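Read off the chains here:
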Amino acid sequence: FDALCEWTTQTESDCWPENHRDEDAQGQPQDGALLLSQSGFRMSCSVKLLGLQPAWRWNNVGTKHEAALSCAWAVEDSFVFVKSSTGNVHLVISSEGSLNVYHIIHQCM
């Protein structure tokens with residue numbers, strides 16, 4: 001989860017630092033969805049997901065969590081990680097027509 005925590009660490013500019021070890025990432029936006037195939041191949045990185053229908057209501061969370069829930073519902077047999085601005089990480093699993101949500105990390109630092 002170190003990579004997930006690094007990718008989702010908020011900065012003042014919401015961009016990768018200019019001195020980041022990956023030169024291609026320097027100064028680029030540090031948000032969006034990371035879509036992987038079942039084999040782990042990167043399909044899309046830092047993409048904006050639009051037009052997903054809400055699956056269910058998830059009280060006391062923001063739009064990132066609602067988008068994660070909708071994404072998991074839209075893609076059968078999927079799993080979605082989502083991190084809040086407070087550092088909490090949840091896992092949403094879509095399987096056999098149902099959604100399950102797990103609180104997996106309390107503070108991702």
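Everything here concerns the structure above.
Residues numbered from 1 in each chain as written. Predicted model: local features only at pLDDT ≥ 70, side-chain atom pairs only at ≥ 80, totals over all residues. Heavy atoms only, no water.

## Brief notes about the packing of aromatic side chains
Evaluation of the coordinates by the stated rule reveals two aromatic pairs. Their ring planes at 75° and their centres at 4.6 Å tell us that W56 and W73 sit as a pair that is edge-to-face. Here the residue W56 occupies a position in the loop between β2 (42-47) and α2 (63-74), and W73 occupies one in helix α2, the gap between them amounting to 17 residues. Assessed through its relative accessible area of 37%, W73 is described here as partly exposed. Here the aromatic rings of F79 and F81 are separated by 5.9 Å at their centres, their planes lie at 85°, and the arrangement is edge-to-face. Residue classification places F79 among the exposed positions, given a relative accessible area of 57%. Taking relative accessible area as the criterion, F81 reaches 35% and is therefore assigned partly exposed. (Phe/Tyr/Trp six-rings, centres within 6.5 Å; stacked < 30°, edge-to-face > 60°. Helix = DSSP H or I, 4+ residues; strand = E, 2+ residues; numbered from the N terminus. Buried < 20%, exposed > 50% of the residue type's maximum accessible area, 1.4 Å probe, protein only.)

## Some details on the sheet that holds strand β3 (residues 79-83)
Judged by pairing direction, the sheet is antiparallel, and its three strands sit side by side in the order β3-β4-β5 without closing on themselves. Two strands lie at the open edges of the sheet, namely β3 and β5 (98-105), each paired on one side alone. Direction aside, neighbouring strands of the sheet carry axes that sit 20° apart on average. Here seven bridges tie strand β4 (residues 89-95) to β5, and the two strands are oriented antiparallel to one another. Looking at the pairing, H90 lines up with H103 of β5. The sheet strands contacting α2 are β3, β4 and β5, and the helix crosses β3 at an angle near 175°. (Pairing = 2+ DSSP bridges. Axes fitted to C-alpha atoms, helices over the stretch in contact; angles between N-to-C directions. Contact = heavy atoms within 4.5 Å.)

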